[in-house]
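Analysis of the macromolecular model
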Amino acid sequence: MSVEVHPIAAPWGRFALYSFFVDAPEPAIVDTGVAASAAGVPEALERLGRRIEDVRWILLTHGHIDHVGGAHALWEATGRRAKVVVSATDAHFLRSRRAHVDEALALRGPFVDAAALEAAKSAEALEAISGEMEPSLVVEDGDVLDLGGVSARVVSLPGHTRGAVAYVVDGHVFVGDAAQGYGAASGFPGYEDPDAYRVSLERIAALEPDHLYLGHPYRRADGTPFPVALDAAGAREALAASLEREAEVRAAVADSVATRSDSPYSPFESAAAELGYTGDPTLEPSPFFTTMHGYATRTRQGATHD
Ligand SMILES: [Zn+2]
């Protein structure tokens, strides 16, 4: 049985957030945007001749605020009938606003004004998350959900977050933020674990998606955005760009010397310079520091193991 997929866009600051309506016998929404984006979903479905009350699944690709923030509001809009699904590893982001603050402090706190970051993330979590909630179902790699005769298979894609997953529905592959090209509006790809990110990109490629859906309009090397809904050729291009940029960042980090300075990129200013990255690394969510923290942690772990 083939299903149709409809992207639903919502703005959030300088970012464009995307949810995807999967028109299965038991309809699903993949990712929810923030609290404010959820408000626009019922109308978007009405334009498709569908009703929010009929949605039976809310599938979350990972725990970031701009993907789970609207989950509670959408669940309410379905009369609490939809099952809210997230990976076991990222479930704490659905359960707790504070988890988002703690994550930011762990990954970026060492490089910025930590007190200011804590205050800003706390305020953001309050506004952008429509409610803390227990997931209906936590999933892991290989789980299969039944959308009324159409299956959704869970594929683990750690790297961007530890618990990121894809949902594979009849050749449609929803990867959230697991493939980022040259980054979205921040101009830099964000991932907690560089090695896992790379393995996950290769895993997506091995799925040979007929259709690949990205969580944001990630960019090519020339700065132009990929569409969020890609065909097979577009998917290959986006995955190749993602692997290419990861390799470039990896090489720049290997060349760099971490030095504390007044640069906003400190202590990674030489890597930023080599990569031609001129974005503001303190603007949240900062993929630059998250990613650099990932490489720095990797180096430390490698040193410990050797
Ligand atoms: Zn994300």
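All of these numbers come straight from a predicted model, not from anything done at the bench.

**Structural notes on the sheet that holds strand S7 (residues 144-146)**
Overall, mixed pairing links the six strands, which are arranged S7-S8-S9-S10-S11-S12 in an open sheet. Here the strands that pair on one side only, and so sit at the sheet edges, are S7 and strand S12 (229-231). Strand-to-strand twist across the sheet, computed as the mean angle between neighbouring axes with direction ignored, equals 25°. With three bridges connecting them, strand S9 (residues 165-169) and strand S10 (residues 172-176) associate as antiparallel partners. The residue of S10 that forms the bridge with Tyr-167 is Phe-174. On the sheet, helix H9 (residues 232-255) packs against strand S11 (211-214) and S12 and is oriented at approximately 110° with respect to S12.

**Topic: the coordination of the zinc ion**
Binding of the zinc ion to the protein goes through His-62 (NE2), His-64 (ND1), His-160 (NE2) and Asp-177 (OD), at separations of 2.1 to 2.3 Å. All donors of the zinc ion belong to a single chain; written as a sequence motif, their spacing is H-x1-H-x95-H-x16-D. One end of the pair, His-64, is in the loop between strand S4 (57-59) and helix H3 (65-68); the other, His-160, is in the loop between strand S8 (151-156) and S9, and 96 residues separate them in sequence. A relative accessible area of 17% means that His-64 is categorised as buried. The exposure class of His-160 is buried, given its relative accessible area of 7%.

**Some remarks on H9**
Helical geometry: 3.6 residues make up each α-helical turn, so side chains three or four residues apart lie on a common side. Here H9 is 24 residues long and its end C-alpha atoms lie 35 Å apart, about the 34 Å a rise of 1.5 Å per residue gives. Within H9, burial applies to Gly-234, Ala-235, Ala-238, Leu-239, Ala-241, Ser-242, Leu-243, Arg-245, Glu-246, Val-249, Ala-252 and Val-253. The N-capping residue of H9, defined by a side-chain oxygen 3.3 Å from the backbone nitrogen of Ala-233, is Asp-231.

**A few points about the sheet that holds strand S6 (residues 137-139)**
Here we have six strands laid out as an open sheet, ordered S1-S2-S3-S4-S5-S6, and mixed in their pairing. If you trace the sheet from one side to the other, it starts and ends with strand S1 (5-12) and S6, each paired once. Taken over all neighbouring pairs, the strand axes of this sheet differ in orientation by 25° on average, direction set aside. By the bridge criterion, three bridges tie S4 to strand S5 (residues 83-87) in an arrangement that is parallel. Looking across to S5, one finds that Leu-59 is bridged to Val-85.

**A closer look at the environment of Val-139**
Along the chain, Val-139 falls in strand S6. Counting along the chain gives 116 residues from Val-139 to Asp-23, while the straight-line C-alpha distance between them is 21 Å. When near neighbours in sequence (up to four residues on either side) are disregarded, Val-139 contacts Val-85, Val-86, Ser-87, Ala-88, Leu-145, Val-154 and Tyr-167.

**Details of helix H7 (residues 114-128)**
Along its 15 residues, H7 runs 20 Å from first to last C-alpha, staying within 8% of the 21 Å computed at 1.5 Å per residue. When H7 is considered as a whole, its buried residues turn out to be Leu-117, Lys-121, Glu-124, Ala-125 and Ala-128. Viewed end-on, H7 has its buried residues packed into an arc of 100°, placing them on one side of the element. Every exposed residue of H7 that faces more than 90 degrees away from the buried side is listed here: Ala-115, Leu-126 and Glu-127. Check the buried side of H7 and you find it contacts S1, helix H1 (35-38), H3 and helix H6 (98-108). N-capping of H7 is provided by Asp-113, with a side-chain oxygen placed 3.2 Å from the backbone N of Ala-115.

Conventions adopted
Residues numbered from 1 in each chain as written. Predicted model: local features only at pLDDT ≥ 70, side-chain atom pairs only at ≥ 80, totals over all residues. Heavy atoms only, no water. Pairing = 2+ DSSP bridges. Helix = DSSP H or I, 4+ residues; strand = E, 2+ residues; numbered from the N terminus. Axes fitted to C-alpha atoms, helices over the stretch in contact; angles between N-to-C directions. Contact = heavy atoms within 4.5 Å. Donors = N, O, S within 2.8 Å, 3.2 Å for Na, K, Ca; no water. Buried < 20%, exposed > 50% of the residue type's maximum accessible area, 1.4 Å probe, protein only. Expected span 1.5 Å × (residues − 1). Polar contact = N/O pair within 3.5 Å; in protein donor to acceptor, adjacent residues only side chain to side chain. Arc of directions from axis to C-beta.

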